[in-house]
Amino acid sequence: MMNPLHTSRRWFLEQCGVGLGAAALADLAGAAPAADPMAVKKGHFEGKAKSVIFLFMAGAPSHLEMWDYKPKLEKFSGTLPPPELLKGYRAAFINPNSRLLGPKFKFKQYGQSGAWASELVPHTSAIVDDLTIVKSCVTDAFNHAPGQLMMNTGAQIFGRPSFGAWVTYGLGSESRDLPAFVVFSSGKKGPSGGNSCWGSGFLPTLYQGVQFRGTGDPVLYLSNPPGVDNQTQRESLDAIQKLNTMRLNTVGDPEISTRISSFEMAFRMQSSVPELMDLSKEPQSVLDSYGAVPGKPSFANNCLLARRLVERGVRFVQLYHEAWDQHGNLVKDITANCKDTDQACAALVKDLKQRGLLDSTLVVWGGEFGRTPMVQGGDDGRDHHPNAFTMWMAGGGMKPGVVLGETDDLGFNVSKEKVHVHDLHATLLHALGFDHTKLTFRFQGRDFRLTDVHGNVVKQMLA
Amino acid sequence: MKLLLLALPAATLAVAFPAAAAPVDFVRDVQPILQKSCYGCHGEKSQMASLRLDARAAALRGGLSGKTIVPGKSAESSLYLRVAGVGEQARMPMGMKTLRLEQIAVIKQWIDEGAVWPDRAAGAASAEVKKHWAFQPPQRAGVPKASQPAWVRNPIDAFVLARLDKEAMKPSSAADKTTLLRRLSLDLIGLPPTPADVAAFLADKSPTAYEKQVDRLLRSPHYGERWARHWLDAARYADSDGFEKDKQRQVWFFRDWVINAFNRDLPYNQFITEQLAGDLLPNATQDQMVATGFLRNSMINEEGGIDPEQFRMESMFDRMDAIGKSMLGLTINCAQCHTHKYDPILHEDYYKLFAFLNNANEANAAVYTPDEQRQRAGIFRQIREIEGEMQQQSPDWVERMARWEAQAKANQPDWVPLEIAAEDISTGGQKYLPMGDASMLAQGYAPTKHRVKLLAKSKLPRITAVRLELINDPNLPLGGPGRSVKGTGALTEFAMEVGEGPKPEAVKFARATADVNPAERELEPMFYDKSTRRRVTGPVDYAIDGNTDTAWGIDMGPGRTNVPRKAVFTLTKPVENAADSSLTIYLQQNHGGWNSDDNMNHNLGRFRLSVTSAENAEADPLPANVRAILAADAARRTPAQQQAVFSYWRTTVPEWSKENARIEELWRQHPAGSSQLILSERQGEMRTTRLLTRGDFLKPANPVKPGVPAFLNQLPPDAGATRLTLARWMTDRQAPTTARAFVNRVWQSYFGTGIVATSEDFGRQSEAPSHQDLLDWLAVELMEPSAKGVTPWSAKHLHRLIVTSNTYRQSSAVTPEALAKDPYNRMLARGARLRVEGEIVRDITLAASGLLSPRIGGPNVYPPAPDFLFQPPTSYGPKQWHEEHGEDRYRRALYTHRYRSVPYPMLQNFDTPNGDASCVRRTRSNTPLQALTSLNEPLFMEAARALARKTVTEGGTSEAAQLDFAFRRVVARAPSAAEKSELLALLEKQTQRFGASVDKAWEMAAPNSWERLPLPPRATIGQLAAWTTVSRVLLNLDEAITKE
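Since this is a predicted model, take the numbers as computed values, not measurements.

A. Just the overall build of chain B, in detail. Helix and strand counts for chain B come out as 37 helices and 22 strands. For the C-alpha atoms alone, the extent of chain B along its principal axes is close to 105 × 85 × 60 Å. Per-residue burial over chain B gives 50% buried out of 1044 residues. Considering only contacts within chain B whose residues lie at least 6 apart along the sequence, 70% involve residues at least 24 apart.

Structure below.
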């Protein structure tokens, strides 16, 4: 391996001998030390997807109201489920032997693919031919925090790296002035899994997601503190860099040159992030297509920001919208949630497509599990259900216009083409150019991977 | 790659690994490479191409492609050729990463030296496994003869030097005194030296000047803070439950216990023992029980939909993982699902160890600070004195009490317990677990307002009254009987219906009685529900008054709250012909606060319902413990029991009203105390542990008895199957990994990497130690110190050995050549230069600026943090964060409240783990977010302003002197001429800019109200602002947050 110090020393001698300006340092950061853990890396093969936008519908949306049309469930609504279905079944809140509840919304077929979708998603249903819809997702967890960890890290327990962290670890960062892995949160609450949903687990911490916010400082501590204007900031930074360079020359520790690059990138972020976040320069037509309103944080704004991030080379963007836990008030709340999200999701896919970014951007939509065909409470709620749920993907190596998998007549179990969370991860990693069995990190004497010892690539999902 | 390697002249390898200097040792150098890269296909399980490399005879025989190893001739040995990629055949290991150059060189050298394969390692891997070095009890290695005796201060240096000789490397010269003192101070107490400390050390010309500093720092109470933080990582310490609710928990007593344990140098074996089994030690003290908090630092999931047993199991797995990583240095958690792939830990072994821990309560105990403990002792002493006076004044008290007892014994009606079931929809998500004695325990999610519907069948033909008993349970806060953080509960309304069908008959109650009827009082703030209604607790009538703003309360004040209670509800009209009829009982519990995602519930914890046919049944006024004593054989009553009966009986004696009132007054002085999660042993039958197939708690298999893996030291004969036995086993002299793991982690925090780099894993997949002999020597020295008067297992002894070695004192400056040769400094030819841990980054900043509060221990603090972090949608639920404005704003970062789901951002950005899982090795990153934090975060800025003011006030009269003052406060040394001129130029520019704008200067130098102090004499606000800029620059230097 090249000696990082040689690189940095040479740079300093050549570029920084006289005066240490921002320009020289910008170049320096461009030629980061050889050991830069964020350097762009290649996957195991050429992946179609270069970046990911994961629309995480936290709280778990009802597949039975949105994507998985079950006329039989309608027919048997009000009756008890067949006892053999419930054998060994554990429910979170309800007695599993509760009455069945028919779908609450009207379904229709759309597009060339003839995919079914409900009236809740008029915008997304219009682009089904761009989507890969998987109706046969299954997971192991039926509580929120473990379920969200499962979907994000491949394990129900805390402490494992998230999907975004794995991808960032595997591919590095294309952007020199934005974090590689960015997270937004909208909706009623934060995600149940907390920070660990985008954590780095045992991977180096720099692969963890960085939370952005729609108001105030988009990144914590981004703005200059009171009294510090840009000139003072720049003068201060120049002094810091010069003194750090002197120290580097005295003690020779390459960490110092990394710190110098970090400070320069921090300074660049101070202008690049506000520029990124400023939606006011987007054409009104674009804002309208998403339903985004500058200055008013929303899921729609976050979708538009996700596109802007991907345009700027950010590797992984995750939007959490925690609002879908409809134990009760199903009709009212899911209607509101779809109103808040449907248009923006569809607009994002269309926008990416129009800009030629969809081929290299993998969009993923879904929650941590599904909902029970059985009712919870009176007649307007559903409990958690791990056995079957629907997710959709678009772009980046996915086969458009595909509807994969089926559930039984009640939407209770998968009856065809089961896709476990591990399979999903394996497939998404494949789209990004990874053999999921080889994207590993050694920890505690073992090579860990996102898919643990499981996972099969689902070829039918791939273009 | 192949071409590149071929092009490398043999000399390149020879330079890096001088063959002549030290012969290769098969077991130490070669076998680990084969094990890692070859045995998978050429080992016990699989012999591709008929080749087996894990046993000598087979390996020398070769495989299908002929001779693999030709002793003395690497060029003819396919083992070397294939791993080096020389020749036409596919490079090995196939499908895996190619070996590193130095590994290839080792194999080559080993073959060329004759392929010496010692007898002791001749067997196949299966036998070899048990011989893995780390599975043998450490033996004190002989100290090597040093090539430079003058350099050797203690055996550490001899071992390090021997290794350097082997690598043809030389140690660096010693660091200068200032650098050394800053390094030592950061290492031992986690704080930089003050300029006065540095001056004193520089002035001390005695030969023991350095040792004196070591002694001073080891005696500092900040030493405990510094080293506690390391252990708290391993103990996955955090101040919240984790998972989505992530409610606050009180566990800071455990944190303080760890600090104190290090400060009093509690021997490490005892340190472990108390954490695993402190509660089981004879006459366990509060401290020893608090120590078991180690096992309770697991997360708790109180999502609505959980199965409490599932998450108890998750906690158990987490405990096992923490014990494995932090104490054993073994990845035992692999065996949770299956037999360990690499180490001889059987699936069953995991559950044998698990069984030791599996018979405990998830308890939460009241704990008191030393002051409070003294206060309590005083109160109890005075009560005893008053009671003694009463007994003296009325010598006939024994007979009188006996008469009262005889009458009291017979005054209770028969109660028939109801077998109840909770209707799931009505629980609000709370789980009601049947406890086997007709009682129910509330667990899981705790809705702050709900009305649970309980269904039962009456066994009595006639029902005159219903009794509700509130029962203690170790799994409730402070033992219950309620679920509030104080273990209290409140019953808003009690109701009952008889009969089935759509219109069961509602029962009316004539009256209610209870053993306690507290006076009416308003709910405490922790139950605030955002309504304007006056919500109160009071006597038991409030449970049948039809008013949901009133409830029966049981909080009798500190010291007397967590005891069983009972209420009896007497029917207006008895239910007749009740046998087998359906009873529906509603317990409305509405007296919690507004946020069910926080600690605001006021629910009943464990309770039992019974019915009676007796007329005039009332709640038994006797406390449950007194009733139990009365029911037992009076002849066998202990004096303490007799006193307990007296303590109740005296309250019924009218002539003692004055004395009783005095005692009541004493009770009112009882301190509220705090709580701490602990483990306590279950009473009665031991919980059966079963092997769980694939680690799934829904797939229990055969029962397993407590035990230990066969390849480790064995249990002492006749040892009981208790946690104490587990602790004794783990701290036995023959335990192979316990001392090694500890020594290695201490080493890691000094030098950045442990002697075994994989500090959580000493198993066969671990990285080979850089200095195995040294590690073993240190491990033995820890257990059996060679120096006189040193306590075995003394951590301070270990620290003293390390920091007084010449190895430690080396300069950390590095040349490009040295860096290229040993980028990670594993050979220790130089001192360590490392960015300090996140907490110390903060502590240095506070210390340099003079803001730091030196106060040790106590409740967590809440330094400034952005509000939105604690509100949805950033946080799952609203969380409490009351920003400090006094001294607590500037406490060491160790005391910052830690929410697992919302880590404190400054600490998170500097790689501080969040307590999700045991962490024995932090990563150390260097990111733009760190730069943004140290440049712009409010407390960093506050520190810059404070340093500026201090500099202008105390730093002397000239700017040069002032700069020197500030610079030394941050990095201990004086600035160089170049540094000085750079900073003074900045000061000049900034003084001019701020001089031109007074408003801006004030904004820079004192934006907060409490910072608007009078200007220092002779100073302008412009100067203060300019110095703020310079101070901020200093605090942001790489050197400021680096141990050099």
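B. Geometry of the overall build of chain A. Scanning chain A from terminus to terminus reveals 13 helices and 17 strands. Taking 463 residues into account, the globule formula puts the C-alpha radius of gyration at 23 Å, and chain A, at 24 Å, falls close to it. With the principal axes as the frame, chain A shows a C-alpha extent of 80 × 50 × 40 Å.

C. Looking closely at the environment of Thr731 of chain B. All names here are of chain B. Relative to the helices and strands, Thr731 resides in the loop between helix H24 (723-730) and helix H25 (738-751). In this structure Thr731 comes out as buried when scored by C-beta crowding, with 21 C-beta atoms within 10 Å. Linking Thr731 and Ser439, residues 292 residues apart in sequence, is a C-alpha distance of 41 Å. Here Thr731 is in contact with Asn269, Ile272, Thr273 and Thr738, once residues within four sequence places are set aside.

D. Here's a closer look at the domain arrangement of chain A. Residue and element names in this part refer to chain A. For chain A, the assigned domains read domain 1 (1-35 + 224-289) and domain 2 (43-214 + 297-461). Put simply, the middle of domain 1 and the middle of domain 2, counted by C-alpha atoms, are 37 Å apart. The interface is formed by 13 residues belonging to domain 1 together with eleven residues belonging to domain 2. Mapped onto the side of domain 1 that touches domain 2, the elements with two or more residues apiece are helix H2 (22-30), helix H9 (254-277) and helix H10 (284-290).

E. The sheet that holds strand S6 (residues 450-457) of chain B, seen in detail. Pairing is antiparallel in the open sheet, where five strands are placed in the order S3-S6-S16-S9-S10 (chain B). Bordering the open sheet on either side are strand S3 (421-422) and strand S10 (505-506) of chain B, each of which pairs with just one other strand.

F. Examining the interface of chain A and chain B more closely. In this complex, chain A contributes 70 residues to the contact, which on the side of chain B involves 84 residues. Residues of the side of chain A that touches chain B, tallied by class, amount to 28 nonpolar, 29 polar and 13 charged.

G. Expanded view of unusual backbone geometry. Residue and element names in this part refer to chain B. Cis peptide bonds are those with omega within 30 degrees of zero, and the linkage from Met92 to Pro93 qualifies with -10 degrees. Considering the arrangement of structural elements, one finds Pro93 in the loop between helix H5 (78-84) and helix H6 (101-112). Here the residue pair Gly480 and Pro481 is connected by a cis peptide bond, since its omega of 10 degrees sits within 30 degrees of zero. Of note in the backbone geometry, Lys530 takes a positive phi value of approximately 70 degrees without being a glycine. Note on placement: Lys530 falls in the loop between strand S12 (521-522) and strand S13 (536-538).

H. Highlighting the pairing of strand S5 (residues 439-443) of chain B. All names here are of chain B. Taken across its five residues, S5 has four buried, putting it largely inside the fold. Across four bridges, the pairing between strand S4 (residues 431-434) and S5 is antiparallel. Counted as the bridge partner of Tyr432 is Ala442 from S5. What sits between S4 and S5 in their antiparallel hairpin is a turn of four residues, with Gly436 showing a positive phi close to 90 degrees. Direction of pairing for S5 relative to strand S17 (residues 606-612): antiparallel, over a ladder of three bridges. Considered in S17, the bridge of Met440 is made with Phe607.

I. Structural view of the sheet that holds S12 of chain B. Read from one edge of the open sheet, four strands run S8-S14-S13-S12 (chain B), paired in mixed fashion. Across the chains shown, the open sheet's two edge strands, defined by having one partner strand only, are strand S8 (490-491) and S12 of chain B.

J. Examining the packing of helix H30 (residues 838-849) of chain B against helix H33 (residues 938-954) of chain B more closely. All names here are of chain B. In contact at an axis separation of 8 Å, H30 and H33 are set at 25 degrees when each is read in the N-to-C sense. Judged by the inter-axis angle, H30 sits roughly parallel to H33. Crossing of H30 over H33 shows left-handed handedness. Contacts between H30 and H33 involve Thr845, Leu846, Ala848 and Ser849 on the former and, on the latter, Phe940, Ala943, Ala946, Leu947 and Lys950. Looking at the contact of H30 with H33, its residues break down into six nonpolar, two polar and one charged.

K. Looking closely at the confidence of the model for chain B. All names here are of chain B. Residues with a pLDDT of 70 or more make up 96% of chain B, whose mean pLDDT is 92. A low-confidence stretch, residues 1-21 (pLDDT under 50), is modelled with 19 contacts involving residues beyond four sequence positions or located in other chains. Interface confidence for the predicted complex, given as ipTM, is 0.85, next to a pTM of 0.86.

L. Fine view of the packing of helix H14 (residues 268-277) of chain B against H24 of chain B. Residue and element names in this part refer to chain B. Here H14 crosses H24 at 155 degrees, and the two axes come no closer than 8 Å. Taken together, the axes of H14 and H24 are roughly antiparallel relative to one another. The element H14 and its partner H24 pack so that their crossing is right-handed. Seen from H14, the contacting residues are Ile272, Thr273, Leu276 and Ala277; seen from H24, they are Arg723, Leu724, Leu726, Ala727 and Met730. Here the contact of H14 with H24 is composed, by residue class, of seven nonpolar, one polar and one charged.

M. Geometry of the nonpolar core. Formed by 321 residues in total, the largest nonpolar core has its most connected members in Leu55, Cys303, Leu348, Val363, Val364 and Met393 of chain A together with Val743 of chain B. Formed by 43 residues, the second largest nonpolar core is a distinct cluster that contains Val452, Met496, Val540 and Leu604 of chain B.

Rules behind the numbers
Residues numbered from 1 in each chain as written. Chains lettered and ligands numbered in written order. Predicted model: local features only at pLDDT ≥ 70, side-chain atom pairs only at ≥ 80, totals over all residues. Helix = DSSP H or I, 4+ residues; strand = E, 2+ residues; numbered from the N terminus. Buried ≥ 20, exposed ≤ 12 C-beta atoms within 10 Å, placed from the backbone. Contact = placed C-beta atoms within 7 Å. Rg over C-alpha atoms; globule rule 2.2 N^0.38 Å. Domains from an automatic or database assignment. Pairing = 2+ DSSP bridges. Nonpolar A, V, L, I, M, F, W, Y, C, P; charged D, E, K, R; others polar. Axes fitted to C-alpha atoms, helices over the stretch in contact; angles between N-to-C directions. Parallel < 35°, antiparallel > 145°, perpendicular 65-115°, else oblique. Left-handed = near helix turned anticlockwise from the far one by under 90°. pLDDT = per-residue confidence, 0-100. Core = buried A, V, L, I, M, F, W, Y, C linked by C-beta atoms within 7 Å.

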